[in-house]
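Chains, contacts and geometry: an overview
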Amino acid sequence: MSDDKILQIGVDGMSCASCVGRVERALKQVQGVTGAEVNLATESATVRHDGSLTAGQLAEVLEETGYPARLAETTLEIDGMSCASCVGRIERALTATPGIVSANVNLAAGRAVVRHVGGLDAGEIAAIVTGAGYSAQPYRADEGRAGATDASEERKAGEIAALRRDLLIAAVLAVPVFMLEMGSHLVPGIHRLIAGSIGMQASWVIQFLLTTVVVIGPGRRFYTKGFPALLKGAPDMNSLVALGTGAAWVYSTVATFLPALLPEASRNVYFEAAAVIVVLILLGRFLEARAKGRTGEAIRKLAGLRARTARVERGGEVGELPIEQIVVGDLIHVRPGEKLAVDGQVVSGGSWVDESMITGEPVPVEKSEGAQVTGGTVNGNGALVFRATHVGADTVLSQIIRMVEEAQGARLPIQDLVNRITMYFVPAVLAVALLTVGLWLAFGPEPRLSHALVAGVAVLIIACPCAMGLATPTSIMVGTGRAAELGVLFRRGDALQSLQGVAVVALDKTGTLTEGRPSLTAFETAPGLDRSELLAQVAGVEERSEHPIARAITEGARGEGLTPASPDGFEALTGLGVRAQVAGHELLIGAARLMQREGIDTGALTDRAEALAAEGQTTLFAARDGRIAALIAVADRIKDSAPTAIADLHAQGLRVAMITGDSRATAKAVAAKLGIDEVVAEVMPDGKLSAIQRLREHGPVAFVGDGINDAPALASADVGIAIGSGTDVAIESADVVLMGQGLGTVANAFAVSHATMRNIRQNLFWAFGYNTALIPVAAGVLYPLNGMLLSPILAAGAMALSSVFVLSNALRLRRAGPGSRTGTPPAAAGQGGARTVPQPAG
């Protein structure tokens, strides 16, 4: 019992003693658990176990039982990672710690997201990473995000400057070493000149001195990290470089100063290999650091939208304060052309505000008393005073930045394969290098020792797994950043991968494909009647009603600059329409059946009414003094962005469906206008789930809704896509949030997903193919055929280029989008008549 380990974990969802009993029974049934006590008051469980369990396993048990573990999330910034092996090493160190459920380390971002029980703090978790050989510190939260961004940028700039300095020093020292040893390949006669002047021994000593400075100076980073990692049994890229260059330096030093220890045929020096390898790998690191800096450009752009200060009114005086000091309730004065500091509500003044950074709409929005404003947007020519309602981490812009950061740090399912391979990759390379040396010593031609050294060093250098570690996270960072620029926010990172497998896009009609509110589309009068006069009279009657159609008629009249006339009498005809007296005339307004009941002939307007009804519009008639007077048509207008969005989805090879509660005739009319492939009509809100299930016959389904009444459908679809309002971006039910009310960003989401996943596959193919093809070449497999033995210098150059290739390929995603070369090419898609599927009302 005294050897038992104790783990305390918070538990959510318990409400009574029976809940406690169920949780205790579930925990005690786990193999390795020796005891469990659950406390309802503290909402926690204390678990004693034999040391074989992790917090993650217990969290899974609690989740399956229906009482999820209460977990905290900590983000760390990590310096010193260089390859996929570093990622695996840090993740293993973290997940082996009691209380840590999961750890997701992102090589490209230099960050780790750790989920853990509440007993651990960020400092303790950072210490675990530091103990594994890397520098770590907690990442500051939203309230200090601007400062954290600046500090992060300073660190990256410092890293790039240090690499540039070391690269220049190493290059200046390595050039004479290379010329002394390999110059004859460039300038014939160099070796004879050296032998006849200073002599070869002096040349070797000079090479020794210069290379030693390179190794212990600019190259020191590889040895101070690589050898400790090797001794701990967790070799990484630095270990491979340190072993390769160290072996070349030691061998050459022995050949220079203790030549008797080596066979005469093997007395050669390889100082130039050690020096040039350091230069080339530093060059790769330098280019890699610069490229990595560009992968986070989207976050920097978003952070740059923030105002740094604001003019705040307190105690009747207006003074300038940093935005970090603004609190909810503060009055903020905004002058023309200034950025709004935080979210709020206008209390005085009037202006037009550019909200394109939130909604994507280029037209400024009018703001007056009572209007909501968003931090980061730009004021126009007027002056505003608004009251702060959301500050710090609660502002819309902070939510957007947080979503992008979380998506950029996500691990896609495809990354698990990479992690499994790289866990064993470096040890396997070390084994291959040892085997290579052994085979050359046993079977190689003379000078065997020299050949064995060259082949072994080439294997170590060429196989560094940098490209593998960068292949996925760099593409995710650039892809999600580009998506944010196009108005697409991934709330769940794995949605980026899920989206590219979708076969059917199901769209809600009302509020998604249409404006979501009826509007007056036609008002046609009988011959001889004044249209404006009659519309004002009809609008005056309808103003007495709260029906959406009545409001549409009234708003339509006001939109034409007309003032609705005041009726003298008003009678509602239940289920039929209305009767009223206006300006001495009797008006009758209602559907065709009301006209038939009253014996009024609709005449020439009948055919026009049938044509409008066939287009999905609601038609009414107005009669005056017993004679037909006008045809009225009202419809929920299709959004301007809808036709182009549907065409873009078809161009990407996607099947498009529409789900609506409207009648089949109306739904069919809308679908025909837009070229929608399939319609599921007459569906009640709770029937959308079965509709989505039926659409899965064609493949995975993405559902696009407005995020308000579509929450169940958004949650049940394979990918839920919510159209945000611009001020409510944290839509919990959705996997993807589209900014603004237009549909244009739907196609952007799919295009970026396809482009990013294709980019990841290209990177992985290159990274794995490069190693698969070149490790045997480095080992000397071609030597028996053509006498080729790969130079360690060329191996170093190829290794550096592999990482640069992966990063450069990922950066191409900055141009991703519909129609771009990095997006999905157009594919044929049927756009014939839509198939209507009526659904039961339940």
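Residues numbered from 1 in each chain as written. Predicted model: local features only at pLDDT ≥ 70, side-chain atom pairs only at ≥ 80, totals over all residues. Heavy atoms only, no water.

With omega at -5 degrees, the peptide bond leading from Glu446 into Pro447 counts as cis. With respect to the element layout, Pro447 can be found in the loop between helix H14 (413-443) and helix H15 (448-462). Even without a glycine there, the phi angle at Ala583 is positive, about 50 degrees. Here Ala583 lies in the loop between strand E21 (577-582) and strand E22 (585-590). Looking at Ala583, the relative accessible area reads 55%, which means it is exposed. (Helix = DSSP H or I, 4+ residues; strand = E, 2+ residues; numbered from the N terminus. Buried < 20%, exposed > 50% of the residue type's maximum accessible area, 1.4 Å probe, protein only.)

Bringing the pattern of salt bridges into the picture now. Per the counting criterion, the structure on display carries 19 salt bridges. Among the ionic pairs, Asp330 bridges to Arg314, the shortest N-O distance being 2.7 Å. Highlighted residues: Asp330 in the loop between strand E10 (317-322) and strand E11 (331-334) and Arg314 in strand E9 (residues 309-314), separated in sequence by 16 residues. Its relative accessible area of 7% is what places Asp330 among the buried residues. With relative accessibility at 38%, the residue Arg314 sits in the partly exposed group. Its salt-bridge partner being Glu571, residue Arg579 comes within 3.6 Å of it at the nearest N-O pair. A single network of salt bridges, built from pairs that share partners, joins Glu571, Arg579, Arg597 and Glu598. (Salt bridge = Lys/Arg side-chain N within 4 Å of Asp/Glu carboxyl O.)

So, about the packing of aromatic side chains. Under the criterion given, the structure shown has seven aromatic pairs. One aromatic cluster is present, formed by Phe208, Trp249, Phe257 and Phe271 through successive ring pairs. (Phe/Tyr/Trp six-rings, centres within 6.5 Å; stacked < 30°, edge-to-face > 60°.)

Reading across the sheet, the six strands line up as E19-E24-E23-E22-E21-E20 and stay open at both edges, with antiparallel pairing between neighbours. Two strands in the sheet have a free side with no partner beyond their single neighbour: strand E19 (514-525) and strand E20 (569-573). Here the strands of the sheet are splayed against their neighbours by 20 degrees on average, with no regard to which way each runs. With eight bridges connecting them, E19 and strand E24 (residues 627-638) associate as antiparallel partners. (Pairing = 2+ DSSP bridges. Axes fitted to C-alpha atoms, helices over the stretch in contact; angles between N-to-C directions.)

Okay, helix H25 (residues 688-695) next. Turning to H25, its buried residues are Lys688, Ala691, Ile692 and Leu695. Seen along its axis, H25 keeps its buried residues to an arc of 100 degrees; they face one direction. Looking at the packing, one finds that the buried side of H25 touches strand E18 (504-508), strand E25 (655-659), strand E26 (678-681), strand E27 (701-705) and helix H26 (711-716). (Arc of directions from axis to C-beta. Contact = heavy atoms within 4.5 Å.)

The four strands lie next to each other as E6-E7-E5-E8, forming an open sheet whose pairing is antiparallel. The open sheet is flanked by strand E6 (100-106) and strand E8 (135-138), the only strands paired with a single partner. When the angles between neighbouring strand axes are averaged without regard to direction, this sheet yields 25 degrees. Sheet topology places strand E5 (residues 72-79) next to strand E7 (residues 111-116); six bridges connect them, and they run antiparallel. Within the sheet, the bridge partner assigned to Glu73 lies in E7 and is Arg115. Set on the sheet, helix H3 (residues 84-95) makes contact with E5, E6 and E7; between it and E6 the angle comes to about 165 degrees.

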